[in-house]
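Results of the structural survey
Here is what each chain is made of, one letter per residue.
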Amino acid sequence: MSCEEPTTSPTPENNITVVSSDGKEFLLDLKLTEQSETLARLISNFEYDRTDVKKDPVPLGNITSAQMQKIIEWLQHHRYYPKWEQNDIHYSTSFTFETWVEEYLNIPNNEMFELLNAANYLNIPRLFSTICRIMASRITGKSAEQIRTVLNIKTDVKNDVYTGIPIQEDSSSSEDGMSEISLSPSPPPI
Amino acid sequence: MPLRIIDLPVEMINKIFEELDTFSRFNLQKVSKTFRIIIDRLKPSFKTLDFYINTDDSINLIFDRFPVKLVLKTHKIDEILRFLTIFQPGTLEYIEFRNEPKTRKNLLKIVNLEQIKRARNLKFLELGVKIRVSNGTRFKIYIKEFDVEDIARLRDFLLTTAHFKSCLLTARQFNFTFPRIERILRSDKCLIFTINRTQLIIEKPVQKLRSALINFQYFRMRTRKVCHLLRDTVDRQPIVISDCAVRLPSVSTSVLNLNEYFNEYSKKGKNCEIYCYHSKRTKQIDDAWHVDLAMNDLSILFKSSNVRIDDLELVFRREAKYAVDWCLRLIRKVSNLYVDGLVLKVENTKLALSALSSFKTGSFRCLTIEFSEPEKEVGILYDSRIIGTEQFRQAEEIDIAKYGIIDPIHLESFYHCNRFTITLSSLSAENILQLRDALASSDNFEECYIYLSRPLNLSNIGKSLEANVPDGAPFFTCEYPRPDTDSYLGIKVSPSEVFIFCYSTLESGEDDENSNLTK
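A few points on the structure.

The rules behind the values
- Residues numbered from 1 in each chain as written.
- Chains lettered and ligands numbered in written order.
- Predicted model: local features only at pLDDT ≥ 70, side-chain atom pairs only at ≥ 80, totals over all residues.
- Heavy atoms only, no water.
- Helix = DSSP H or I, 4+ residues; strand = E, 2+ residues; numbered from the N terminus.
- Buried < 20%, exposed > 50% of the residue type's maximum accessible area, 1.4 Å probe, protein only.
- Contact = heavy atoms within 4.5 Å.
- Pairing = 2+ DSSP bridges.
- Axes fitted to C-alpha atoms, helices over the stretch in contact; angles between N-to-C directions.
- Arc of directions from axis to C-beta.

1. Section: the overall build of chain A
Along chain A, the regular secondary structure elements total 7 helices and 3 strands. Along its sequence from the N terminus, chain A presents helices and strands in the succession β-β-α-α-β-α-α-α-α-α. By residue count, 39% of the 190 residues in chain A fall in the buried class. Taking contacts inside chain A between residues at least 6 apart in sequence as the whole, the part at least 24 apart equals 58%.

Next up, the structure:
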């Protein structure tokens with residue numbers, strides 16, 4: 001299903017080339033790029049949908065070829081789905097997914113987070129929301145200790161919020177008990 | 001190194017956690033401080049929260065009708081407080097309390113929470129003999145006995161609660177007779193009720209709400225002092241006042257007038273003496289500045305963001321500059337103030353300009369400006385900045401005849417008015433012709449009085465208006481058809497004043513005074 005080797009309809013007018021961070025090129029159907037707001041805007045700005053415009057390869061520095069492969073698989077599968085609307089997010093305590101989605105996202109957490117980053121970068125709302133819900137389904141109903149195991153994190157809480165029972169200290173956290181990640185965006189490195 | 005959840009941007013972690021239900025979020029809070037901070041900042045994932053405080057040291061919490069019993073070791077009131085502060089104010093729509101907090105202090109702790117204040121559906125159940133407050137639109141109270149005092153207190157509260165619709169009172173015993181409760185609840189016809197042996201249902205018809213609020217303007221001031229919850233409830237009601245006056249004539253006296261209530265705050269040494277004209281009472285407050293007390297009372301009145309005053313009179317003098325500034329500051333703070341008739345009694349134009357600029361444009365319909373000293377002779381108005389203000393231009397009726405003599409070049413500033421009354425230094429034949437043409441073509445003009453500081457030459461004016469003026473006549477009248485209408489413009493000219501009015505021949509003679517005037 002991949003577009004890596006477009007054998008079916010290799011008409012350059014309907015495709016653009018994207019380059020992953022490891023230099024691999026992928027030929028993408030313009031129809032597929034509509035699901036990614038980032039790519040759709042780029043195509044619109046550079047008028048790549050016109051046949052008389054020269055199409056330079058689009059570098060995607062934040063996305064590896066493996067992630068790109070995975071994303072293209074998602075885009076292909078959802079090619080004929082209606083456009084994603086924000087209202088489509090419906091709150092439900094039970095997490096149910098399509099079988100295809102469950103198989104597609106049956107990957108380790110670290111790969112899931114990388115894919116989430118990629119979906120966020122390319123602005124594919126359906127994929128982003130689905131990954132968030134899959135991650136939530138892995139957390140829901142679990143105790144704090146189980147969540148720590150699932151997410152592979154150590155605590156920085158000294159005592160339990162409710163019971164007051166001491167919790168094992170996290171040696172990796174800073175001495176003053178500050179959170180591991182900053183809640184305000186840090187300035188970019190110079 | 002593999003990517004972990006804590007390596008993701010907070011916004012993305014938020015998106016994942018937003019998908020979780022309340023109890024998973026509680027567990028996440030215990031995972032790490034970072035997660036606790038993130039969860040604390042999220043909106044709750046449910047809309048209703050019920051507390052059931054049991055006789056043992058436990059509280060039943062119900063989230064979205066999914067019950068969980070929590071055994072709490074600390075004091076239960078504090079637990080409620082702690083739980084409520086988890087939620088962002090305004091996000092809880094329904095909160096129910098099943099037991100009475102032990103003391104009033106603890107009750108106030110709870111009701112002061114922003115989460116409670118902003119819950120639209122709040123229930124206090126089984127609160128003991130004394131009725132507590134509720135800001136719910138419909139609520140129920142279960143108590144052992146009801147007496148007349150309870151009902152009267154409840155009535156006073158219900159009448160000042162704008163969004164109250166109905167309440168159901170269930171008691172083992174009602175300690176009053178049917179006529180007594182009828183006298184209490186139906187005295188002002190604002191509440192309707194149904195009663196049987198154990199239940200009393202009180203309802204407020206929506207259309208009665210406005211009149212109830214008008215009648216209870218004074219009561220609302222007392223009500224809002226009961227507790228913070230009531231204060232906020234009262235402050236949200238729109239205030240409608242028929243007569244209001246703020247008189248700041250000197251440094252030693254301030255006067256507030258609200259409908260029939262008339263309070264005079266005066267300085268007595270270091271103390272303040274308040275004389276209430278309505279109840280003929282005098283009260284002395286030690287070590288208090290009268291301006292502080294008067295303005296505090298005024299600020300309570302203007303606390304509401306929605307104030308409508310039929311007649312507002314402001315009397316300002318330079319002497320009471322501090323109080324004047326304070327009063328104008330209060331007026332500016334009211335976000336939605338509408339005054340039908342504004343009367344400014346000021347000492348000079350600077351004060352008048354300050355007062356006018358404190359009102360939003362279009363926030364008053366009629367404007368009258370006079371001098372604060374009635375005996376002061378009306379002089380020429382050299383400073384015409386008032387006429388140029390936007391507030392002045394948007395007023396429909398203007399009366400500045402007693403404020404200053406204005407030059408006829410400002411006449412066109414009044415063409416937009418329905419009615420106006422002014423004093424002019426002079427009026428030439430050319431001026432009156434321009435005025436006649438402008439007013440005849442005005443869509444909204446009704447009438448105007450123009451007083452003159454110097455007597456008019458009737459024959460000159462009559463000639464320009466093409467009217468027959470007999471020699472020695474004290475006045476003359478003439479009429480002109482208004483273009484494109486069936487109405488006429490009538491002009492009555494005497495040496496000291498010009499009266500111009502609009503009338504229609506189609507109207508009945510009984511109702512039309514203007515028609516009678518021409519006859």
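2. Re the sheet that holds strand 2 (residues 25-29) of chain A
Residues and elements named next belong to chain A. Spatial strand order, 2-1-3: 3 strands in an open sheet with mixed pairing. Either end of the sheet is taken by a strand with one partner, and the two such strands are strand 2 and strand 3 (58-59). With 5 bridges connecting them, strand 1 (residues 15-19) and strand 2 associate as antiparallel partners. By the bridge assignment, N15 is partnered in strand 2 with D29. Contacts from helix 3 (residues 65-77) reach strand 1 and strand 2 within the one sheet, and its direction differs from that of strand 2 by about 15°.

3. Quick word on helix 1 (residues 10-18) of chain B
Every buried residue belonging to helix 1 of chain B is among V10(B), M12(B), I13(B), I16(B) and F17(B), and all of these are buried. Take helix 1 of chain B and look down its axis: the buried residues cluster within an arc of 160°, on one side only.

4. Looking at unusual backbone geometry
All names here are of chain A. Of note, the phi angle at E47 is positive, near 55°, even though the residue is not glycine. Its place among the elements puts E47 in the loop between helix 2 (37-46) and strand 3. Unusually for a residue other than glycine, N152 sits at a positive phi of about 60°. Here N152 shows up in the segment after helix 7 (144-151).

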